[in-house]
Amino acid sequence: MPAREPTSSDLTRRTFLRTGALTVGAVAASGIGVATAAPGGGKGGGGGKGGKGGGAMTNPLYLPPTLDPGAGLVTLTAAPGLVDLGPYDAASAWVYNGGMPGPTLEVSTGDTVQLRFQNDLPEGSITHWHGMVVDHDNDGHPNQEVEAGSHYDYAFPIVQRATMNWYHPHPHERTGKQVALGLAGAFIIRDAQEAALGLPAGVRELPLVIRDGDVDREGTAVIYKPKSSGYEGKKAFVNGTLEPYVEVDNALYRLRVLNGANGRIFRFAFADGRGMTLIGNDGGFLPAPETVTEIELSNGERLDLLVDLRDLDKDDTAMLVDRNSGWDLLEFRVVRSVNDTTLIPTSLPAPPAPLSDPVRTRTFSFDGMGKINGLEYAMERIDFEVPYGQTERWVLTTGGNAPHPVHIHGTYFQVVSRTGGRGQVFPWERGWKDTVLLQDGETVEILIRFDHGHKDLYLMHCHKLEHEDRGMMSNFLVV
């Protein structure tokens, strides 16, 4: 059989857990928020079997439903709910539309999106469309936070090429908590160039929201144990599932990968050393495919990967692992042999022309755990202005307590160089990006231009969410 799709019994059970149980009194309180209980042991314990593919995973991978906000108004409701984590089938969390992660939004270039964020959390929130090129009114800026019981409406055209972005909360000083408790989801854009490539689709295209987290000792709640240096949980979640497996054919698969963790950096690889064909990142397709065996991905970054399982036989497995933590992440179980003739592309759609000839240079130091250029974030303060349509060089440096994944709202940029530290631009950092990793001792230069039709207020910030919450953000105005 192909990659496992939910059965009717699965859907009935998950629908109850993820939606119907929202009325359960034990879930409703703000007490679901910050907890100090020890992480759960027993079934579904750590991140897997040691990062070497040494043992079978135990729980079927959850695949969120898909919604199309380009075809009509879609409401995303953030609320406390009960989720099935695999070993714990009724754990309280904070969820979009009853799921962890929330539904995968899928649109096409040229669509006009209509979305309503309904806040049924016990505190204020707002949803940011990470990687979407939109104006300020649709960006989910912290100054657009809505109180509990209220909603915020978005409407914006899709003006960018095929890629996978994502959505998550962005309230000031509470983003880390709300994401850690479960609020995130994938946002996929399609276009005609992508369709012409004949890439794996349907059950052979897997959106994977990979993060870490903690569960209380009894397995009754997803919990958040904040740490100013950056939260790292003791369990690996893939699409909200602990110790997951997915049933597959011996075929070519497309993995749409997001590092959705608050503070953990993953180094993805397969336990058997098999290559992964890298075809895209944050901003869409790369200039050319490249085969790699390891990829280090920081918070908020995305990958578009092709993984060829055609060398495997029925009952064989392949394990996606994290070399940094030593965790096993996702087991691919071959349950059927097929004759898959899908071609791995040797070329990709031409990206937008590279930027050149910057008219000015700006330097930004990410200092400690809560400042940019020595300043903590202030909601009403504009820290700098950027002329519309002009190419600039931005020099990003660290002032301690890295890693700092630097995310910029409102456009994409190109990574030009990295000096110090790792001292190179990696294959997954080529093309167009909206987030780039700074490690201690590193300086990264990017070229950036705002030319998508919006002269507006945007943010730059560290995407280690605890640093963001402490003030490592900066307002800037495109003029």
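So, here's what we can say about the structure.

Conventions adopted
- Residues numbered from 1 in each chain as written.
- Predicted model: local features only at pLDDT ≥ 70, side-chain atom pairs only at ≥ 80, totals over all residues.
- Heavy atoms only, no water.
- Helix = DSSP H or I, 4+ residues; strand = E, 2+ residues; numbered from the N terminus.
- Buried < 20%, exposed > 50% of the residue type's maximum accessible area, 1.4 Å probe, protein only.
- Contact = heavy atoms within 4.5 Å.
- Polar contact = N/O pair within 3.5 Å; in protein donor to acceptor, adjacent residues only side chain to side chain.
- Salt bridge = Lys/Arg side-chain N within 4 Å of Asp/Glu carboxyl O.
- Pairing = 2+ DSSP bridges.
- Axes fitted to C-alpha atoms, helices over the stretch in contact; angles between N-to-C directions.
- Phe/Tyr/Trp six-rings, centres within 6.5 Å; stacked < 30°, edge-to-face > 60°.
- Lys NZ or Arg CZ within 6 Å of the ring centre and 35° of its normal.

Overview of the environment of Gln-390
- Here Gln-390 lies in the loop between β26 (384-386) and β27 (392-399).
- Of the residues examined, Gln-390 reaches a relative accessible area of 29% and is grouped as partly exposed.
- Sequence separation between Gln-390 and Phe-450 is 60 residues; the distance between their C-alpha atoms is 7.1 Å.
- Dropping the residues within four chain positions of it, Gln-390 is found in contact with Val-359, Arg-360, Ile-448 and Arg-449.
- Within the structure, Gln-390 has its side chain in polar contact with the side chain of Arg-360 (distance 2.7 Å).

Some points on the pattern of salt bridges
- As enumerated under the stated definition, the model contains 40 salt bridges in all.
- In this structure, Arg-174 and Glu-145 form a salt bridge, with 2.5 Å as the shortest nitrogen-oxygen distance. Here Arg-174 is found in the loop between β9 (163-169) and α3 (175-180), whereas its partner Glu-145 is found in the loop between β7 (127-130) and β8 (151-157), with 29 residues between them in sequence.
- Judged by its relative accessible area of 34%, Glu-145 falls in the partly exposed class.
- Arg-267 is the salt-bridge partner of Glu-294, the closest N and O atoms lying 2.9 Å from each other. With a gap of 27 residues between them, Glu-294 in the loop between β19 (284-292) and β20 (295-297) and Arg-267 in strand β17 (residues 266-270) connect regions that are remote in the sequence.
- We classify Glu-294 as partly exposed; its relative accessible area is 32%.
- Salt bridges sharing partners connect three or more residues here, namely Glu-106, Arg-190, Glu-194, Glu-205, Arg-254, Arg-256 and Asp-304.

Considering the sheet that holds strand β32 (residues 457-462)
- Sheet architecture is open: five strands sit in the order β26-β33-β32-β28-β30, paired in mixed fashion. The open sheet terminates on both sides in strands that have one partner only, identified here as β26 and β30 (435-438). Strand-to-strand twist of the sheet, defined as the mean angle between neighbouring strand axes without regard to direction, takes the value 25°.
- When β26 meets strand β33 (residues 473-478), the two strands line up parallel, connected through three bridges. If you follow Phe-384 over to β33, its bridge partner there is Phe-476.

Here we look at the environment of Arg-470
- Locating Arg-470 in the fold gives a position in helix α5 (residues 465-470).
- With a relative accessible area of 42%, Arg-470 lands in the partly exposed category.
- Considering only alpha carbons, one finds Arg-470 and His-172, 298 residues apart in sequence, at a separation of 8.8 Å.
- Setting aside residues up to four positions removed in sequence, Arg-470 forms contacts with Ser-228, Met-369, Gly-370 and Glu-376.

Some remarks on the packing of aromatic side chains
- A complete count under the given rule lists 19 aromatic pairs for this structure.
- Taken together, a centroid distance of 5.0 Å and an interplanar angle of 45° make the contact between Phe-364 and Phe-384 tilted. Of the two residues, Phe-364 is situated in strand β24 (residues 360-367) and Phe-384 in strand β26; the sequence distance between them amounts to 20 residues.
- For Phe-364, a relative accessible area of 5% translates into the label buried.
- Each member of the aromatic cluster is reached from another via a ring pair, and the members are Tyr-96, Trp-129, Tyr-152, Tyr-154, Phe-156, Tyr-167 and Phe-187.
- The ring of Phe-237 is capped by Arg-211, whose NZ or CZ atom sits 5.1 Å from the centre of that ring.

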